[in-house]
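Residue-level structure breakdown
Letter by letter, the chains look like this.
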Amino acid sequence: MADQARTAAAQRLEDARYWAAPRLESAAYGFEHQVAPKVSTMLTDAARRIDPTPARSRRWPMFALLTGLAVGTMGYMFYRRNAQQWTEHMKDSASDASRWVNEKTGQTTESTDRMATNVSPKAEETSRKMS
């Protein structure tokens, strides 16, 4: 009778294992895909909250951006000012050159008039001698 009980118990135990194995596998799959991500997210959030290192500051990139913008604006302003000064200088140079050309033209005209007045009597005298 003990042998029969042992055989019956072994048979029931094997039947229970056949019945329980797929259910345990299904439960493991459900736990892995449904419960574990939620538990993982909860643990990660808790770790972030108790972390003693401060969060990264966004001030340095913003400071670098604003500094670059300010330097670029100043460079543009200096460029415009220098361009304007250069333009004014060129206008002054052009007016100086124009004045110089006018003076040289006046001097040349006076010189030509003087030479013409000196040549005119000589030409008349030579013309009288030839006639």
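Here, the structure is the one placed above.
Before going further, it helps to examine the overall build of the protein chain. When you go through the protein chain residue by residue, the secondary structure sums to 2 helices and 0 strands. By the compact-globule yardstick of 14 Å for 131 residues, the protein chain is too spread out, its C-alpha radius of gyration being 54 Å. The buried share of the protein chain, reckoned over its 131 residues, is 1%. Just so you have it, the protein chain exposes about 12700 Å², and 61% of that area is on carbon and sulfur atoms. For the protein chain, the distance from the average site of its 19 positive side-chain charges to the average site of its 15 negative ones is 4 Å.

Within this structure, the stated rule accounts for 4 salt bridges. Between D45 and R48 there is a salt bridge, with its nearest N and O atoms 3.7 Å apart. Here D45 and its partner R48 are both found in helix α1 (residues 2–50), 3 residues apart, which amounts to about one turn of the helix. For R48, a relative accessible area of 61% corresponds to the exposed category. With a closest N to O distance of 3.9 Å, E124 and R128 form a salt bridge. Of this pair, E124 and R128 both sit in helix α2 (residues 59–130), 4 residues apart, which is roughly one turn of that helix. The class of E124 is partly exposed, set by a relative accessible area of 43%. In this structure R128 comes out as exposed when scored by relative accessible area, which is 60%.

The next subject is α1. With 49 residues, α1 ought to run about 72 Å at 1.5 Å a step, yet its terminal C-alpha atoms sit only 61 Å apart, falling short of that. Most pronounced at V35, the bend in α1 amounts to some 40°, and the proline P37 follows within four residues.

Let's shift gears to the packing of aromatic side chains. This model, assessed by the stated rule, comprises 1 aromatic pair. Plain terms: the ring middles of W60 and F63 are 5.9 Å apart, the flat faces sit at 90° to each other, and that makes the pair edge-to-face. Of the two residues, W60 and F63 are both situated in helix α2; the distance of 3 residues between them amounts to about one turn of the helix. Take F63: its relative accessible area is 53%, and that puts it in the exposed class.

Further remarks concern a nonpolar patch on the surface. Together, F31, V35, V39, M42 and L43 make up a nonpolar patch on the protein surface, roughly 460 Å² of accessible area in all. Here L43 lies in helix α1.

Scoring rules and cut-offs
- Residues numbered from 1 in each chain as written.
- Predicted model: local features only at pLDDT ≥ 70, side-chain atom pairs only at ≥ 80, totals over all residues.
- Heavy atoms only, no water.
- Helix = DSSP H or I, 4+ residues; strand = E, 2+ residues; numbered from the N terminus.
- Rg over C-alpha atoms; globule rule 2.2 N^0.38 Å.
- Buried < 20%, exposed > 50% of the residue type's maximum accessible area, 1.4 Å probe, protein only.
- Areas by Shrake-Rupley, 256 points an atom, 1.4 Å probe, with all protein chains shown as cover.
- Lys, Arg positive; Asp, Glu negative; His and termini not counted.
- Charge placed at Lys NZ, Arg CZ, Asp CG, Glu CD.
- Salt bridge = Lys/Arg side-chain N within 4 Å of Asp/Glu carboxyl O.
- Expected span 1.5 Å × (residues − 1).
- Bend = angle between axes of the 7 residues up to and from the residue.
- Phe/Tyr/Trp six-rings, centres within 6.5 Å; stacked < 30°, edge-to-face > 60°.
- Patch = residues over 30% accessible without salt bridge, like charges linked within 9 Å, V, L, I, M, F, W, Y side chains within 5 Å.

The values are spatial; any link to function lies outside them.
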